[in-house]
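# Remarks on the overall topology
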Amino acid sequence: MAGCVGGAAGVLVGHPLDTIKVVMQTSAKRLSMKSVLADQSVFSLYRGICAPLTGLTAINAVVFGVYGSLIKKMDEPSLLWQASAGCAAGVSQTLISCPIELIKTRAQLRSMPVMTCLRETVRKEGGIRALYRGFGATLARDAPAFAIYFSCYELLFKTSPKSDTPSTLWLLFAGGTAGAVSWLASYPIDVVKSRLQADTTYTSMRQCIQKSLTEEGINVFVRGVTPTLVRAFPTNAATFAVVTWTLWSYEYYYCDGYNAKSGGLFEHGDDAVELAFRYAVDRINADNRVLPHTRLIAQVERLEKCDSFQASKRVCSLLQEGVAAVFGPQSVETSAHVQSTCDVLHMPHMETRWDFKFDPPSNHSINLFPHPIALGNAFRDLIKLKNWKSFAILYEENEGKSLVRVQEILKDPELREKRIVVRQFPGATGEYRTTFKELHKMGIRNIIIDVPRDNIHKVLKHAQQVDMLSDYHNYFFTSLDVHTVDLEDYQYGGTNISGFNLVDETSKEYLEITREWQNSPPRYPNWKTESIEQITKTEVGLVYDAVRLFAKALHDLDQTQAISVRPISCETEEPWLFGNAVTNYMRMINIDGITSHIRFDSSGSRTDFRLRLLELTREGLKHVGDWTPHEKVIFMTNYTKAMTEGYKETLKNKTLTVVTIPGNPYCMEKERKEGEDITEKQYQGYCIDLIDEISKVLGFRYTIKLVEDGVHGRKNARGEWNGMIKELIEGKADIAVADLTITYEREAAVDFTMPFMSLGIGILYKKHKKEPPKLFSFMSPLAMDVWVYLITSFLGVTLFLFFVARFSPYEWVNPHPCVKEPEELKNNFSMKNTLWFTIGCLMQQGCDIMPRSLSTRVLAASWWFFILILVSSYTANLAAFLTVERMVNPIESAEDLSKQTKIPYGCVKSGSTEAFFRNSNFSTYARMWSFMESTRPSVFVESNAKGVERVKKGDYAYLMESTSIEYIVERECDLFQVGALLDSKGYGIATPPDSPYRSIMSDAILKLQEDGKLHMLKERWWSGKGKCGGGKETQKVQGSASELGLANVGGVFVVLAAGSCIAIIICIGEFIWKMKNIPRNERDHICVELLREIKYVICCYGNTRPIRKVHDVDGGAVQPGNGLPFMPLTGYQDMNKDVYS
């Protein structure tokens, strides 16, 4: 639009003079300007104006449009770029200007209307093609003319007095001068163009030049130059002035906007940062949603690096030009001076640098770089999550910046318990190999590196050269620009390389920028376009976000108040009125930028931000998680699965070195068959089969090597390890597969998979020889005191029964039942018969003599009950004695072992069993360790095999893992396990510390366990080749049946004694009752009779006694009897006694 208006103004001013020029150029005779004016009227001077008035508006629209578009490609275009843009603008308008000038020229010469001239030309000269007669001459004229035209104007424009709006007179002067110079330079070719278009007799531009020179001389090419120059000055002065004022009027009146200058201070070497600054300004100007009525202008000043004096001068220069904010510089020294100046003058100072000082931001400083403490917390949280057992911190810079980055790691109490090595790379020579060699000797595989971004590739190269870039090494770089480093050389090596990234490469803004950059990268004069990796640096992204934050603040504040920017002098120190408002508002607002969400805390520091965690995979650096101050490190949902799959791919077809230790049945050398030629030793065993099964699951190859010093692994007083643990730490082996117990001390040095076998510490001891059967072993079921009591009871019961039977009157019976009146009675319980009765009952064979009286029957019943219980107990215990083998064991448990000193006991040295007793606080185990440590000769053995041999010799107990005991007792039938297990633990596969293969090997072990293969392997090597059989039984101390003591059978003795007492009482009662039935005059006193009867019993006068006659009251004799109502002697009174003699 501005070009159209300017073109119209130029035509109205210059057309009369253009008519005079054309007449003079095409006339066959030499005419003067005065003569042409005399022949022409004012109206005739405007003949043919319709064509240029119509065409030149379009021509100028094209010219100024093309020129303006090309100029915007460069923030500060050079003079050459301006000339090139003008040349392109001139070429682009030739297609329009050629036919327009042809019709205008002929209409001016023939004095005919434009449309009539157009119709005749098209009809008579061959159609539309005729309109482009002289096109080559037009192109040859316009290309250099417009290059000179615009470059001259821009040059004069820049030399105007410095102010926001140049004066109109200066615009007229610059435009007129540029037009005159361009016409003067292109006038000869313009003469040729005019002659070709006016005279159809010329066939070509060359023929026209030759004919004109021949007929009219050299002066023909300057004919009409005076009116041309006279016309050129006002025409172009009007054109440029109108175009410029139209643009300004549009901005000021139609858009109601203004220009806001942003000052940038950039040091040499910060080209990418400066590019981001300019590019951000251009994108904001192209975005109508932000500052639609304001145009940002980038005012850039370049500095020498760390030149504080120059920075102070340049910032004052920017403030004098009226900037609304100052961006940069990046170095600490220069930034501090700029910051102090901006504070005094209340000018917003936008910083994007690492500020290792912990001073709070100044009143007018906005630093978008994350606060050092917050960034250090991110590093600390990641290292704690990785759970490295030991790591090194390597740094390069001397100013303390590096240690500030990692100080949160060094201050954390949990991490300080781990082994941390801090080293500085030597000098500024760029030699890193020496430090890596030192770490290699120390066995450090986890490394935190703080070096500048440009040195990361070199650091990794030097680490690779000293074999510090293997699968087991982990590198974390504190640089936030690790994503811009080309790591293709290392992505297939398996090394875990990680780092944080502040630039969000998934944000919409970032994707738009990269797409634009790849399709049409911005071009600025004297600028080399940076690569995508360079423009995605953290400091570049921060500068871009800083410009957007500043623009957002201006946009929001412009809605409520008019922000005016004016030049500020460092000498007067008069502050900017709106500086505080702009600065404070930027600290209040939140925006989403390409460096994640931008938010400031109350002190103005950026402590709330999101970092993207990157890890190197086979596909390059991948985003695997995020860190925020509140949620800490959060891995992506598929991170674990993806990393596991990556480790599996790395492990496939790789050859691992497997270290093991000889020991049955875990690893044994194969016996060579006759005629078999084997150069290398071959091994077999449980561990060999286990690693073979795991290799089939994971797809790797392996080689077996035996541990050099022949021990499992123990840490000495200096903290140094030996055995398999040492070889893993030093990188001599990839995994250790053996009967290696998982302990706390070992777990702190290396990593273990999940246990493939559970076990505990047991006691291996030699069985005592079986005692030969004793001749009187049948007496074993009862204790000797029971046998004594039994014999005593037998004799006692016999005597009691004898006395009671003789005392009881009812046991005296008629020996001859057929004799009615016997002379004597008989007692069957003689001493011999009584012994026979008690023995028969004791042997459970019975007897033909049975008690008759109640007292003897009670006593007999008590004896029978006693015999029933005792014989039943004897029979049951005898069966147990016959089926259970009795063994005499001096120790039954660890407690018994610790309480004696006769039998020595020990374990394998430098093993987990030794460590268990050494570190135990339990009193029994501590006492055992004290005994083992002090016993001489030493009770420790070099291997399990030697320990077993020592046990077989006798009088030695060997402490070892229960699984090994199971294996041994299956094959050594004279050995067994004593007591229960002392602890519970497991065997695991050991890997180097922080090995990436630990988790996938644990998965493989779990799979083998679920498939039952671990059980099959154990059965194959434990029970499958055993010769003792019944391994479970032989492992335990077999118990013997215990003899029955008095405490077990004392109750039956009590019953027997009670029955005896009751029998005596009843017997006495029977006697008294019998005496009561005898008349008083025929007997003595009852007590006398009782004593007489006891005497008779004791004296054993025989088994017969004379019968006592009982007379009735009439003096007649009564029937004799024994007093038993159920055995009367009636019916036998008349029978003679002699019959039965």
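Being a predicted model, the structure only gives us computed values, none of them experimental.

### Let's talk about the overall build of the protein
When helices and strands are counted, the protein shows 41 helices and 31 strands. For the protein, with 1141 residues in total, the buried portion stands at 51%. Long-range contacts, defined as pairs at least 24 residues apart, comprise 73% of the intrachain contacts of the protein with a sequence gap of at least 6.

### A few points about the side chain of Ser 186
Along the chain, Ser 186 turns up in helix H9 (residues 168-198). A relative accessible area of 5% places Ser 186 in the buried class. Aside from chain neighbours lying at most four places away, what touches Ser 186 is Arg 141 and Ala 145.

### As for the sheet that holds strand S27 (residues 957-961)
Sheet architecture is open: four strands sit in the order S26-S27-S23-S28, paired in mixed fashion. The two strands at the open ends of the sheet, each matched to only one other strand, are strand S26 (905-906) and strand S28 (975-978). In terms of strand pairing, strand S23 (residues 761-766) meets S27 through four bridges, oriented antiparallel. Within S27, the residue paired with Ile 763 across the bridge is Leu 959.

### Some details on a nonpolar patch on the surface
Residues Ile 791, Leu 795, Leu 799, Phe 803, Met 831, Leu 835, Ile 839 and Met 843 make up a contiguous nonpolar surface patch of about 660 Å² in total accessible area. If you list the elements that add at least two residues to the nonpolar patch, you get helix H29 (784-807) and helix H30 (831-842). Tallying contributions element by element places H29 first for the nonpolar patch, with four residues. Within the secondary structure layout, Ile 839 lies in helix H30.

### Regarding the UniProt feature "transmembrane region" (unreviewed entry) in the protein
The sites that UniProt annotates as "transmembrane region" (unreviewed entry) are residues 786-805, 863-884 and 1046-1073. Taken end to end, residues 786-805 comprises 100% helix and 0% strand; its first and last C-alpha atoms sit 27 Å apart.

### Let's talk about the environment of Val 633
Note that Val 633 resides in strand S15 (residues 632-635). Among all residues touching Val 633, those that are not within four sequence positions of it are Asp 381, Leu 382, Leu 385, Leu 613, Asp 626 and Trp 627.

### A word on the pairing of S27
Strand residues, when the strand is regular, have side chains that alternate between the two faces of the sheet. The buried count for S27 comes to five of five residues, which makes it a mostly enclosed element. Looking at chain direction, S26 and S27 are connected through two bridges and run parallel. For Gly 906, the partnering residue across the bridge sits in S27 and is Tyr 958.

### Thoughts on the confidence of the model for the protein
Of the residues in the protein, 81% have a pLDDT of 70 or more, and the chain-wide mean is 79. Strand S9 (residues 474-477) holds the highest mean pLDDT among the elements of the protein, 94, whereas helix H39 (residues 1031-1034) holds the lowest, 42. Segment residues 1030-1039: pLDDT under 50, and 26 contacts once partners within four positions in sequence are set aside and those in other chains are kept. Under a pLDDT of 50 for its full length, residues 1112-1141 has, in the predicted model, 50 contacts with residues more than four places off or in other chains.

### Things to note about the sheet that holds strand S7 (residues 419-424)
Spatially, eight strands are ordered S7-S6-S8-S9-S10-S13-S14-S15 in an open sheet, and the strand pairing comes out mixed. Lying at the two open borders of the sheet, with one neighbouring strand each, are S7 and S15. With strand direction ignored, the average angle separating the axes of adjacent strands in the sheet is 25 degrees. Pairing analysis gives seven bridges linking strand S13 (residues 611-617) to strand S14 (residues 620-628), with the strands arranged antiparallel.

### Overview of the UniProt feature "site: Crucial to convey clamshell closure to channel opening" (unreviewed entry) in the protein
UniProt records the feature "site: Crucial to convey clamshell closure to channel opening" (unreviewed entry) at Ile 891, using the numbering of this structure. Of the residues examined, Ile 891 reaches a relative accessible area of 1% and is grouped as buried.

### Some thoughts on H9
Its 31 residues place the ends of H9 only 38 Å apart at the C-alpha level, less than the 45 Å of an ideal helix rising 1.5 Å per residue. Approximately 60 degrees is the largest bend angle found in H9, and it occurs at Tyr 187, with the proline Pro 188 only one to four residues beyond.

### Quick notes on the pattern of salt bridges
Per the counting criterion, the structure on display carries 51 salt bridges. Note that Asp 471 and Lys 654 form a salt bridge whose closest N and O atoms lie 1.7 Å from each other. Of the two residues, Asp 471 sits in the loop between helix H20 (456-465) and S9 while Lys 654 sits in the loop between helix H25 (639-651) and strand S16 (655-660), which places them 183 residues apart along the sequence. Of the residues examined, Asp 471 reaches a relative accessible area of 7% and is grouped as buried.

### Details of the side chain of Thr 924
Looking at where Thr 924 falls in the secondary structure, it is placed in helix H34 (residues 923-934). What makes Thr 924 buried here is its relative accessible area of 4%. Within the local environment of Thr 924, its side chain forms a polar contact with the side chain of Glu 895, the two groups lying 2.8 Å apart. The contact partners of Thr 924, leaving out residues within four places of it in the chain, are Ala 894, Glu 895 and Ser 898.

### Some details on the pairing of S13
Within S13, seven of the seven residues are buried, which leaves it mostly tucked inside the rest of the structure. Residues Leu 611, Leu 613, Glu 615 and Thr 617 point to one face of S13 and Arg 612, Leu 614 and Leu 616 to the other, with burial holding for every one of them. Note that strand S10 (residues 496-501) and S13 share four bridges and pair antiparallel. Pairing of Phe 500 across the sheet is with Leu 613, part of S13. Here S13 hands over to S14 after two residues, the two strands then running antiparallel side by side.

### What about the packing of helix H26 (residues 686-698) against helix H38 (residues 1013-1023)?
Where H26 contacts H38, the axes come no closer than 10 Å and their chain directions differ by 155 degrees. Considering their axes alone, H26 and H38 lie roughly antiparallel with respect to each other. Considering the relative orientation of H26 and H38, their crossing is right-handed. When H26 is examined against H38, the residues Tyr 686, Asp 689, Leu 690 and Glu 693 are found in contact with a partner set consisting of Lys 1013, Leu 1014, Leu 1017, Lys 1018, Arg 1020, Trp 1021 and Trp 1022. For the contact of H26 with H38, the residue count by class is six nonpolar, no polar and five charged.

### Focus: the packing of H29 against H30
Direction vectors running N to C along H29 and H30 enclose 135 degrees, while the axes themselves pass 9 Å from each other. Accordingly, the angle class assigned to the pair H29 and H30 is oblique. Once H29 is placed against H30, the crossing between them reads as right-handed. Between H29, through Leu 790, Phe 794, Val 797, Thr 798, Leu 799, Leu 801 and Phe 802, and H30, the contact on the second element is made entirely by Met 831, Thr 834, Leu 835, Phe 837, Thr 838, Ile 839 and Leu 842. Partitioned by chemical class, the residues of the contact of H29 with H30 number 11 nonpolar, three polar and no charged.

### A look at the packing of aromatic side chains
Summed over the entire model, instances satisfying the criterion amount to 38 aromatic pairs. Residues Trp 576 and Phe 578 carry aromatic rings whose centres are separated by 6.1 Å and whose planes lie at 65 degrees to one another, so their mutual orientation is edge-to-face. Taking the relative accessible area as the measure of exposure, Trp 576 reaches 3% and is therefore buried. Note on Phe 578: relative accessible area 17%, which makes it buried. Each member of the aromatic cluster is reached from another via a ring pair, and the members are Tyr 666, Tyr 686, Phe 756, Tyr 967, Tyr 987 and Trp 1022. If you follow Lys 1018 out to its NZ or CZ, it ends over the ring of Trp 1022, 5.8 Å from the centre.

So, how was this worked out
Residues numbered from 1 in each chain as written. Predicted model: local features only at pLDDT ≥ 70, side-chain atom pairs only at ≥ 80, totals over all residues. Heavy atoms only, no water. Helix = DSSP H or I, 4+ residues; strand = E, 2+ residues; numbered from the N terminus. Buried < 20%, exposed > 50% of the residue type's maximum accessible area, 1.4 Å probe, protein only. Contact = heavy atoms within 4.5 Å. Pairing = 2+ DSSP bridges. Patch = residues over 30% accessible without salt bridge, like charges linked within 9 Å, V, L, I, M, F, W, Y side chains within 5 Å. Areas by Shrake-Rupley, 256 points an atom, 1.4 Å probe, with all protein chains shown as cover. Salt bridge = Lys/Arg side-chain N within 4 Å of Asp/Glu carboxyl O. UniProt positions renumbered as here; feature names shortened; annotations may be inferred. pLDDT = per-residue confidence, 0-100. Axes fitted to C-alpha atoms, helices over the stretch in contact; angles between N-to-C directions. Expected span 1.5 Å × (residues − 1). Bend = angle between axes of the 7 residues up to and from the residue. Polar contact = N/O pair within 3.5 Å; in protein donor to acceptor, adjacent residues only side chain to side chain. Parallel < 35°, antiparallel > 145°, perpendicular 65-115°, else oblique. Left-handed = near helix turned anticlockwise from the far one by under 90°. Nonpolar A, V, L, I, M, F, W, Y, C, P; charged D, E, K, R; others polar. Phe/Tyr/Trp six-rings, centres within 6.5 Å; stacked < 30°, edge-to-face > 60°. Lys NZ or Arg CZ within 6 Å of the ring centre and 35° of its normal.

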